[in-house]
Structures are given as C-alpha cells and as structure tokens.
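# Examination of the molecular architecture
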Amino acid sequence: MTTTMDRNALPTVGISLQYTHTIGRAEFSGPGFRNPTAMARAEDDVMYVANRSYDYRPDGKRITMCTVGEEFISEFAKGVFEQGDGEAVATDGAIIWPTAITVGPNGNVYLADEYLDRISIYSAEGEYLTKWERPGDGDGQWNKPSGLVFGKDGVLYVVDSNNHRIQMLTADGEYIGEWGEFGTGQGQFNLPFGVETDSDGNVFVADWRNDRIQKFTADGKFLMEFGETGDGEGQLNRPTDVAVDRDGTIYVADWNNERLQIFHPDGSFAGMTYGEATISQWGVGKLEANPEMWEERKIAQGIDREKYFWGPIAVECDDEGRVFVVETARSRIQVFQKQDAVFYGVNERVSGGGGRL
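Here's what I pulled together on the structure shown here.

Thresholds applied
Residues numbered from 1 in each chain as written. Predicted model: local features only at pLDDT ≥ 70, side-chain atom pairs only at ≥ 80, totals over all residues. Heavy atoms only, no water. Pairing = 2+ DSSP bridges. Helix = DSSP H or I, 4+ residues; strand = E, 2+ residues; numbered from the N terminus. Axes fitted to C-alpha atoms, helices over the stretch in contact; angles between N-to-C directions. Salt bridge = Lys/Arg side-chain N within 4 Å of Asp/Glu carboxyl O. Buried < 20%, exposed > 50% of the residue type's maximum accessible area, 1.4 Å probe, protein only. Contact = heavy atoms within 4.5 Å. Core = buried A, V, L, I, M, F, W, Y, C linked by side-chain atoms within 4.5 Å.

### Here we look at the sheet that holds strand 18 (residues 203–207)
Overall, antiparallel pairing links the 4 strands, which are arranged 17-18-19-20 in an open sheet. Single-partner strands in this sheet number two, and they are strand 17 (195–197) and strand 20 (222–226). Mean inter-strand twist for the sheet, computed between neighbouring axes without regard to direction, equals 20 degrees. Sheet analysis places strand 17 next to strand 18, joined by 3 bridges and oriented antiparallel. Residue pairing in the sheet places Thr-197 in a bridge with Val-203 of strand 18.

### Description of the pattern of salt bridges
Inspection of every chain in the model, using the stated rule, returns 27 salt bridges. Residues Arg-41 and Asp-45 are paired through a salt bridge, measuring 2.8 Å at the closest nitrogen-oxygen approach. For Arg-41, a relative accessible area of 26% gives the class partly exposed. Since its relative accessible area comes to 23%, Asp-45 is described here as partly exposed. Here Asp-247 ties to Lys-338 by a salt bridge, and the two come within 3.0 Å at their closest N and O atoms. Of the two residues, Asp-247 is situated in the loop between strand 21 (239–244) and strand 22 (250–254) and Lys-338 in strand 27 (residues 332–338); the sequence distance between them amounts to 91 residues.

### Section: the environment of Ile-333
Tracing the sequence through the fold places Ile-333 in strand 27. It is 9.1 Å that separates the C-alpha atoms of Ile-333 and Met-39, two residues lying 294 residues apart in sequence. With residues near it in sequence (within four places) discarded, Ile-333 still touches His-21, Thr-22, Ile-23, Phe-33, Met-39, Met-47, Val-49, Phe-324, Val-325 and Val-326.

### Quick notes on the side chain of Asp-211
Mapping Asp-211 onto the fold places it in the loop between strand 18 and strand 19 (212–216). With relative accessibility at 1%, the residue Asp-211 sits in the buried group. Each residue touching Asp-211, except ones within four places of it in the same chain, is listed here: Gly-227, Glu-228, Thr-229, Leu-236, Asn-237, Arg-238 and Pro-239.

### Points about the nonpolar core
Ranked by size, the top nonpolar core spans 15 residues in total, and within it Leu-17, Tyr-251, Leu-260, Val-315, Val-323, Val-325 and Phe-336 carry the most contacts. Of all the secondary structure elements, the ones that give two or more residues to this core are strand 2 (17–23), strand 22, strand 23 (259–263), strand 25 (312–317) and strand 26 (322–327). Setting aside anything within four residues of it in sequence, one finds Val-323 in contact with Leu-17, Tyr-251, Leu-260, Val-315, Glu-316, Cys-317, Gln-334, Val-335 and Phe-336.

### A closer look at the environment of Ile-250
Here Ile-250 is to be found in strand 22. Apart from the residues within four sequence positions on either side, Ile-250 is in contact with Phe-204, Met-224, Phe-226, Val-242, Ala-243, Val-244, Gln-261, Ile-262, Phe-263, His-264 and Pro-265.

No statement about biological role is implied by the geometric values presented.
Below, the structure written as structure tokens:
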C-alpha cells in the first residue's frame, strides 16, 4: 500500500553545493592573491579581495580588484611602511593586517585593519578617500576590528573583536550604538570575528573562541545560537565568518576544521564541503608560461590534497545562489553553486528513488 504525505511536511535531507571554479593564484602583485583574508562583491560581478601577505613582503599587502570570471582589473591600497617607535605605521590608504572588507550603499569600499585599528574608505575604483583610526574601548572606538557589513537600513556593523562587542555606525562613521560583552552567555562574545546580515536585517556573528554562531535583531536583541566545540556535524572549531543567502541558508567558515558547513535557517545542520578546487585560469596561464612547472606537478607527492580547503577564512554568497570561500593559505577563492534542497517522501522511499522540490 502506498501512503501519501503533505509535500510541505517532507523532511529536508540536506543542502548541497556544486563546485564551479577557482579564482586566484599566489602572487604578490597583479593577477593573483597573497594570503587573502576577506572579499566583497559589487555590481557587475566585480570583486574586492583583501590580501594580508607577509610582513617581510609588504608589497603583497593590497586589495585586488577582479571579476568572478577571473578578469584582473586593478589593485590598490598599497603604500609606504615605516617604523615609528618600534611599531610599523602605514601611509593613508595602505594596509598592514586587513581583516574585513565590504561595499557600502554609496558604492564605496570599506576595509578594516586590525593592526592599525583603522577603517579605510576607498571609492569603487580604488581611490583613497578617508580613514577612521580610533583605537580604544569607548563609543565609536575599537580594538582589533575584524568584521564589517552593512545592514538593510544602511547601518554599518563593526565587529570590535578585542572589546568583545558589535558596534553600529553610519556610512560616514557616526556612532549609533553597540551591544555585547566578554563571556559565554547569550549576547556575550569571546573574540568575535565575522559578521553578516540577512534580508530581514538580522545580524549573525561568528563568535570565534566560543565556537558558535549567534543571531540578533538589527538593534542587537538575541534571537538564537548554534554550534559547539568539536569536529562533528554542526560542531565548530574557531569559526571565522558567516554568510546568509536569500533563502535564509547559513554558511560558516569552520577555520580549524578546514571546511565549510551549511545550516538551515533554524541552525540545524544541512551539509558541508571540504573543498573541490581545480587550477584557476590564472594558475593555468602561469603554468603554461613555465612548462617545467607542469612536469614538477606530475611527480609531486600528495598533490591530490590541493583540492581541499586550507585556511577557509571567509565566506560570501549572492542572490544567484553562488557561494565564495576564501582560503588564506592557498591564496585562492573556491566558487560553488547552491543546489536545491533534497526531500524524501514515503512514495520515493518505497520506490527507491528521490524527489526534488
């Protein structure tokens, strides 16, 4: 006998991602990235990628401007570095330890630098405009800013990591409000890192040392949390970033577990991937210009591990269902396409098949 079920009541088995391509190669300048830490997307598939590089190679510290299709446009935010009183300083517009980047409603690019306790603002073309350099723990000040995102009402949310709080500013840098304090309870943080907003204006925070994600209203009222320390499904080990798509699906960069985890809107586990990278167009171009590298790859041991994430530090998604995972150690971005959620009803189980809604 066949039993029918309400299609709306069918349990979701999971959400999967189809790998599409990789963007990037390891370079200190030009087409490529060097230890990228964050990315932001603008109109026409333009991407801004923040590169941390090495302190002994400050020429690699920059913002790379390219497209999702791997067209190199330009680079900016390079500058002069000096030693002042034993500490590195940077000229206006230059970066040292970039942690976050976002595009404002005005089209300008905002970048957080945790070394300088600075937020620098650039035009869409990369021209330096101004900076907010406000170290401290008072209103509108910060200690190691690590996350930036604009909400639906144009509010800029700043993750004030070492002060264990979230601050709200206008696009011009005026202080609006804040929430959070050190701790493990609801609405408390321990070195928060990434931040995201959803289509309803809710705010999601990657609570790094507490190994969880917290969700709040636009003005900071606690809504829910999920995640705990571990390496099992739904468990986290130092989550660095979070993204939410238009369906409410949540993506978490699970840094120490070297994976991307996917969660349903209620915080329940929906899937994961450890990466599936292939060589990017930029990478192929470099190998073709240096044929000996192809031969070296043929004899390299363990090269199959190259496809996996190494240091997945940031995640972004767009309204086209694409998911972008930034890998700092491999200097690249893996791009995926979200697939429809798979459902199984009684009919499908009896017949041995699966159904897609």
